[in-house]
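Results of the structural survey
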Protein chains: 2
Amino acid sequence: MVFDKGGQGMSTTNRAVVLLSGGLDSATALAIAANEGFEIHALTVNYGQRHAVELEAARRVARAYSVARHLEIAIDLRAFGASALTASIDVPKDRPEDVMAQGIPITYVPARNTVMLSLALAWAETLSVFDIFIGVNCVDYSGYPDCRPEYLRAFETLANLATRAGVENQGRFTVHAPLILLSKEQIIERGRALGVDYGLTHTCYDPTSHGLACGRCDACAIRLAAFARLGLRDPAAYVDSV
Amino acid sequence: MVFDKGGQGMSTTNRAVVLLSGGLDSATALAIAANEGFEIHALTVNYGQRHAVELEAARRVARAYSVARHLEIAIDLRAFGASALTASIDVPKDRPEDVMAQGIPITYVPARNTVMLSLALAWAETLSVFDIFIGVNCVDYSGYPDCRPEYLRAFETLANLATRAGVENQGRFTVHAPLILLSKEQIIERGRALGVDYGLTHTCYDPTSHGLACGRCDACAIRLAAFARLGLRDPAAYVDSV
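Please read these numbers as outputs of a predicted model, since none were measured by experiment.

Thoughts on the sheet that holds strand β3 (residues 69–74) of chain A
Where strands meet in a sheet, backbone hydrogen bonds hold them as pairs that are either parallel or antiparallel. Residue and element names in this part refer to chain A. In space, the five strands of this open sheet follow the order β3-β2-β1-β4-β5, with parallel pairing throughout. Strand pairing shows two members of the sheet lacking a second neighbour, β3 and β5 (174–176), which therefore form its edges. Across this sheet, the average inter-strand angle for adjacent strands is 25°, counted without regard to direction. Two strands pair when backbone bridges link them, and strand β4 (residues 131–133) and β5 are joined in this way by three bridges, in the parallel orientation. Looking across to β5, one finds that F133 is bridged to H176. Along the sheet, helix α1 (residues 24–35) makes contact with β1 (15–19), β2 (39–46) and β4, crossing β1 at roughly 170°.

Thoughts on the packing of α1(A) against helix α7 (residues 184–193) of chain A
All names here are of chain A. One way to put it is that α1 packs onto α7 with a least axis distance of 9 Å and a crossing angle of 45°. Put simply, α1 runs oblique to α7. In this structure, the crossing between α1 and α7 has a hand that is left-handed. Contacts between α1 and α7 involve L24, D25, A27, T28 and A31 from the former and I187, R190 and G191 from the latter.

Observations concerning the nonpolar core
When a protein is soluble and globular, its nonpolar side chains tend to lie buried together. With 155 residues, the main nonpolar core has A:V18, A:L30, A:A120, B:V18, B:L30 and B:A120 as its most contacted residues. At 10 residues, helix α4 (residues 112–127) of chain A tops the list of elements feeding residues into this core. Residue contacts for B:V18: discarding those within four places in its chain leaves B:A29, B:L30, B:A33, B:I40, B:H41, B:A42 and B:F133.

Quick look at the relation of the copies chain B and chain A
Here the second copy of the chain follows from the first by a rotation about an axis and a shift along it. With an RMSD of 0.0 Å, the fit of chain B onto chain A corresponds to turning through 180° and sliding 0.0 Å along the axis. Such a combination of rotation and displacement between the chain copies is what one expects of a two-fold axis. Taking C-alpha positions as reference, the residue of chain B nearest the rotation axis is B:I75, located at 2.6 Å. Interface residue correspondence from chain B to chain A reaches 100%, placing this contact among same-surface, isologous pairings.

With respect to the sheet that holds strand β4 (residues 131–133) of chain B
Residues and elements named next belong to chain B. Ordered in space as β3-β2-β1-β4-β5, the five strands form an open sheet in which the pairing is parallel. Both outer strands of the open sheet, β3 (69–74) and β5 (174–176), are each paired with one neighbouring strand and no more. Between one strand and the next, the sheet's axes are offset by a mean angle of 25°, whatever the strand orientation. Across three bridges, strand β1 (residues 15–19) lies against β4 in parallel orientation. Following the sheet pairing, A16 is matched in β4 by D131.

The rules behind each value
Residues numbered from 1 in each chain as written. Chains lettered and ligands numbered in written order. Predicted model: local features only at pLDDT ≥ 70, side-chain atom pairs only at ≥ 80, totals over all residues. Pairing = 2+ DSSP bridges. Helix = DSSP H or I, 4+ residues; strand = E, 2+ residues; numbered from the N terminus. Axes fitted to C-alpha atoms, helices over the stretch in contact; angles between N-to-C directions. Contact = placed C-beta atoms within 7 Å. Parallel < 35°, antiparallel > 145°, perpendicular 65-115°, else oblique. Left-handed = near helix turned anticlockwise from the far one by under 90°. Core = buried A, V, L, I, M, F, W, Y, C linked by C-beta atoms within 7 Å. Buried ≥ 20, exposed ≤ 12 C-beta atoms within 10 Å, placed from the backbone. Least-squares fit on C-alpha atoms with pLDDT ≥ 70 in both.

In short, shape yes, function no, at least from these values alone.
Have a look at this one:
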């Protein structure tokens, strides 16, 4: 597993599958993969999320980076019920410090990263690609069990046991989680250094029908607080009242 | 991880998620779970397989066992390309001993069991269920890397790291693979002892448009050979020429 290479560029022409939600984190992870010299195969999973406007953001980011391919795949996790992100539970509007004090948040989607990484692995094996990037981080938001380093290491082990490519290439599958130890401010600073346009990204769990961010859900609150601490204006579009 | 309990019944009212393809193996795994006293929540993943007649078989098996719930979820793995089962590559018609000598077969679907187990895990967590049954076996057909005990153990480890339920319940997720060390004959004998009607199941990789099994693909060949070695007639419907 690879955490963060600290900005070193690579000269390889390796290819990588990058999970791209359209949010701030995955856009930054994609920029890091591109900066490391990987040809990007971006995978967006439409899992029936309420914030489908994220999918538009993913398309904008993929276009901005001229990725080799952007594949969208649909799976309706709403069939399983649960979670404020896929079912009709109210999205909490607490302050981020309150959210983080509550343990695993209601917006947690059961096994979401496992489903996403499994799909990334399936595509990677088909492409003979061994590098998978995911923009999780565990510092700002430690409530999700599937954002922890030990989880990602376990997935990497699984990937190399699960696949013909892993078996025949002796454990070459690598899960890259370059943001995992970064704070939200550090992620934004890193992305800005790489030229990421965060105006393309979408983070809000509860956007308006026109795709404006609410500015109040926990995801917005964490994002806005990070930009504020950096003395920067968040270029994303928010509702007027924010 | 639990391999085989040798037919002991259990008196619990625990619930289990059972992956049900509609084939001989998954029907047997479901019967074993029911015999162990689990209330069955059957999950059928429609991954764009050519043999959609399997889905009908899954429904027949679920009805026969009066499962508590049978959920079908669609994900189009054809988007990733590859594999004779999801793309338009010819299904091999070799004798099973030849097929097994060739290593990992062309009918291998990249990361299929990982995707399926991830979905089973997502549903299980939503239901507060900790037992997942999968009808894989590695004796008759060792070419698939994601049918090996070490793979299933790695998934169990992952499941307990990936989920709120796993974290909060200290590793209670259990992957049951009761067929993993059985030969195809042993699976059939076990199922018959539990009253499984194999006429309900569908195994063929290349059925006719009316759902008749071809009798010649590797899956049919292995199944027919096992019934023959047991001196039994396979009750499934085959094309006349078989």
